[in-house]
Every structure is written in structure tokens, then in C-alpha cells.
Amino acid sequence: MPGLSFDNYQRNQFLAAKGFGTPRATSTGTTIVGCKFAGGVVIAADTRATAGSIVADKNCEKLHRLAPQIWCAGAGTAADTEMVTQLIASNLELHSLSQNRKPRVITALTMLKQHLFKYQGHLGAYLIVAGVDPTGAHLMSVQAHGSTDIGHYQSLGSGSLAAMAVLETHWKPNMTKEEAVQLCAQAIELGIWNDLGSGSNVDVCVMEVGKDAELYRNYKTPNVRESKTRSYKFPRGTTAVLKERSWQVVDEQVVATGEPMEVDA
Amino acid sequence: MNVVPDNTHHDFVSSTKFGQVAEHAPALQDVLRGQEGPVSVASKLNNRHPLETRIQNWEKTQHETRLETYRRVFGAGEPIRRTMELEIVENSDYKPLILGGSDSMSRDILMAKDASLDWEDVFKGESVVDMHSEIERKLK
């Protein structure tokens, strides 16, 4: 069967029934937000990836590029968000080459939702898709089962409640770019502090009509690692010198003297 | 007209549904040719992944839906023409799997997949049987 292989499903079920643990996917307990402003759209994400109760990656990247001016933030199963966005990015590029037009956000969204719907939520990708195209700036979200939303501001992931509280309080129509970036960064930071699945730094991506998209990796780093209270670096000379030997290297030139070598004529 | 594949729960299956039919005993599977040993029908039916049949029949269902829509909009001629074109391509463009399989470009164009890429295009999932039985099946 082409595509996904289900060959080992029955074997894995059997092993699980016998008490062997099944591998778990690394999920990004996540806060991601997006927000429109006058003439563009901004998305932001935290950078913590978790595997159960363990932080798997302290500075992972949750903002994915679908097209030069269409980016998307992913929550859910880390591998699925990564692979689905890569696949859709390839398809968008093929589509835009075939149509000879710049890709549109609605095309990306439709591709994503059709792909996710096919897999019935078994691909755990929850995405906020944002970008600018010839029709303007757009902000949309898509859930793992293929349902989609459109809005002026969106939040997804386990920290979405904390982030949405900020967005609901401070969002206003026609913000400037700086205000929108600040708002998104603040919303993510609230997710970082109040949601255990989110943490570390804030990544921001700004897409403005008529300009290149700008990715601010680690826009805010509120969780810089403290230096250790005691230093384990030993100063020079800590180890006593037991013995010392030194050689004087002389550059000696051998000058050939005497008769020249006999050569048979 | 189905947009998504039906949930295929079988009430009954024939003993030869999950393998090649043996030439000499048409009620049995060809265990030697299949090279997998005796087939367990129970394991083919029960405890399968819920997505499996859906993904398996996805493209077929989508194609049938499209043809049905064409029939309603343009009349019977349109789906007949498309099916004929597809059959012509499938019958004329053949290369054994062991030599890399046939090129899918013409088929992709007719299926409107020439500007898209999916996991099925990368992981083709074709098991290479010997060339003789492949050609035999093709010409049957």
C-alpha cells in the first residue's frame, strides 16, 4: 500500500497488550498566537518542546515557512507539524510554478485542511496560518481534523487561554506594526509563565504587505540560564609543576663538501 | 456519491479476497506464488487501523466523485472520455516494476496531480514480484 504503512499496527497492538510500552510522540505543549494589524499580520510562538513531563527541546522552532510571505505556527505533535508544513510548502511552490502566480494564504489553508481531513486527526497538527498575498494580509487557523477559522487574532495550543486573555483585553482594530508585535510577544510571554507546556523564548514573524517577511528568532529571551553559583574553572597554576625540561632547538644546516658523486658517463 | 470512502466492514468475505487465486483450485489462494505462506483471513479483517481502508480508497473515491460530478454537469460523455483516456494511458505505458515501474506522468496529468506531491508519490509501496507473474497479471 502506498503512502503510510500500517503493516506493524497489529504487531504493535499485540506488544502493547503484552505490556510493552508504545513509543509516545513528542508534543509541543505550546502557546502560539497571531494578530492582524494595519497593512500586515504577525505570528508568534514559544520555543519549548515537551515529551511527557520532560522538556525535550528548550529552544525549538515552531514558526514554519510555507512560502516566502506565508508562515505558519504549529502546535500539537512536533513531527506532524514539521512534516505537514514541509509537504504543503512543497505543494504550494509547485502550485505557484504551475499557475505562474504568487501563492495565496487561502490556497495554503485549503491544502492543509484537505490533507489533515484525509487523516482524520491522526496527524496532530494544529496550525495558525498567516501571510500576505496579492489580496492582502490574512490570518487563519486549522485544527487537526481539518476545520478552519478566520479571525483578526487567534491563539492555539495549551497556553492559548492565557494568550487569548491578553489578546481579548488589549487587541484593537488597526494597530501599528510595533503594537501588534508587542501584543503578540506579551501574549506568548503570558503563556510561557502560566502554562507548564510552554516556556523558554518568544519567536516572532512579521509579514507586511509589499515587504519581505521578517523572522525574529528569540525576539524575547525571558529565561536566560543563570550562571552557576560556584565556578568549576580552575585558575592557571592550580596544578603544581613537578619537573621542567627544555630543549633548545638549533636550526642546523648541512653544507655538502668534498668531491662530487661519480656518475657513469 | 461519496466524498469520503465508506467504512468497509465486511459481513462476509470470500476465501480468495486477500490473495491471488490459485490456477488449479480457484477457491483457494495461491500460497506458493504469494510467497507469504497461508493467509490468515481473521488478521486481515479484525483489529486493523481505522485509517487504513480510508487512505487505501481515498484517491479512488475522490476520482469517482469527480467523474460523477462531471456526469451531472456535462453529461455522460465527459466521464466516459476521461475514463477511456486513463485506460489508454495505463495500457500503453508499461514498464515492469523490477525495471523501475512505469512512469506516471501522463497518468498524473489525467488525474490532475501533475502539480502536487504527496507521501504516496514518495513511498510507492509496490512489492516487487517476479517479472513473469507481473506481465501475466497485466495481460490477463
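Reading the values: rules and limits
- Residues numbered from 1 in each chain as written.
- Chains lettered and ligands numbered in written order.
- Predicted model: local features only at pLDDT ≥ 70, side-chain atom pairs only at ≥ 80, totals over all residues.
- Heavy atoms only, no water.
- Helix = DSSP H or I, 4+ residues; strand = E, 2+ residues; numbered from the N terminus.
- Rg over C-alpha atoms; globule rule 2.2 N^0.38 Å.
- Buried < 20%, exposed > 50% of the residue type's maximum accessible area, 1.4 Å probe, protein only.
- Contact = heavy atoms within 4.5 Å.
- Areas by Shrake-Rupley, 256 points an atom, 1.4 Å probe, with all protein chains shown as cover.
- Lys, Arg positive; Asp, Glu negative; His and termini not counted.
- Charge placed at Lys NZ, Arg CZ, Asp CG, Glu CD.
- Salt bridge = Lys/Arg side-chain N within 4 Å of Asp/Glu carboxyl O.
- Buried area = accessible area lost by both parts, 1.4 Å probe.
- Polar contact = N/O pair within 3.5 Å; in protein donor to acceptor, adjacent residues only side chain to side chain.
- Patch = residues over 30% accessible without salt bridge, like charges linked within 9 Å, V, L, I, M, F, W, Y side chains within 5 Å.

**Quick notes on the overall build of chain A**
What chain A contains, in helices and strands, is 5 helices and 13 strands. Its C-alpha radius of gyration of 29 Å places chain A more than 25% over the 18 Å reference for a compact globule of 265 residues. Here the C-alpha coordinates of chain A stretch approximately 95 × 60 × 60 Å along the principal axes. Of all 265 residues assigned to chain A, the portion counted as buried reaches 42%. Counted over contacts in chain A with a minimum sequence separation of 6, partners at least 24 positions apart contribute 62%. Element-wise, carbon and sulfur atoms account for 52% of the exposed surface of chain A, whose accessible area totals about 16,200 Å². The averaged location of the 25 negative side-chain charges in chain A is 10 Å from the averaged location of its 25 positive side-chain charges.

**Some thoughts on the overall build of chain B**
A tally of helices and strands in chain B yields 8 helices and 0 strands. Ordered by position from the N terminus, the helices and strands of chain B form the series α-α-α-α-α-α-α-α. In terms of principal-axis extent, the alpha carbons of chain B reach across some 45 × 35 × 30 Å. With 140 residues in all, chain B has 20% of them scored as buried. Taking the intrachain contacts of chain B between residues at least 6 apart in sequence as the baseline, contacts between residues at least 24 apart amount to 51%. Approximately 10,200 Å² of chain B is accessible, and the part contributed by carbon and sulfur atoms is 55%.

**Some points on the pattern of salt bridges**
Taken as a whole and judged by the stated rule, the model has 19 salt bridges over all chains. Here D118 of chain B ties to K118 of chain A by a salt bridge, and the two come within 3.4 Å at their closest N and O atoms. Here K118 of chain A lies in helix α3 (residues 105-118) and D118 of chain B lies in the loop between α6 (105-110) and α7 (119-122), a pairing that spans two chains. Accessibility expressed as a relative area gives 18% for D118 of chain B, which makes it buried. K177 of chain A is the salt-bridge partner of E208 of chain A, the closest N and O atoms lying 3.7 Å from each other. You can see E208 of chain A sitting in strand β12 (residues 202-208) and its partner K177 of chain A sitting in helix α5 (residues 177-194), a full 31 residues away along the chain. The burial state of E208 of chain A is the same as that of K177 of chain A; both residues are buried. One continuous salt-bridge network, built from bridges that share partners, spans K177, E208, K211 and E214 of chain A.

**Overview of the interface of chain A and chain B**
Chain A puts 21 residues into the contact, and the matching count from chain B is 22 residues. Roughly 2,200 Å² of surface becomes buried between chain A and chain B when both sides are summed, with 65% attributable to carbon and sulfur atoms. The largest contributions to the chain A side of the interface with chain B come from M1, F6 and K118 of chain A, which together make up 28% of the buried area. On inspection of chain A and its partner chain B, the count reaches 2 salt bridges. With a shortest N-O distance of 3.6 Å, K118 of chain A and E120 of chain B are connected by a salt bridge. Where chain A packs against chain B, one counts 8 residue pairs in polar contact (both at pLDDT 80 or more). Only α1 (9-17), α2 (78-99) and α3 of chain A provide two or more residues apiece to the side of chain A that touches chain B. In terms of residue count, α2 of chain A provides more of the side of chain A that touches chain B than any other element does, 6 residues in total.

**Section: a nonpolar patch on the surface**
Residue and element names in this part refer to chain A. Taken together, the side chains of F14, L15 and F20 define a hydrophobic patch exposed on the protein surface, amounting to about 310 Å² of accessible area. Tracing the backbone through its elements, the reader meets L15 in helix α1. Residue classification places L15 among the partly exposed residues on the basis of a relative accessible area of 32%.

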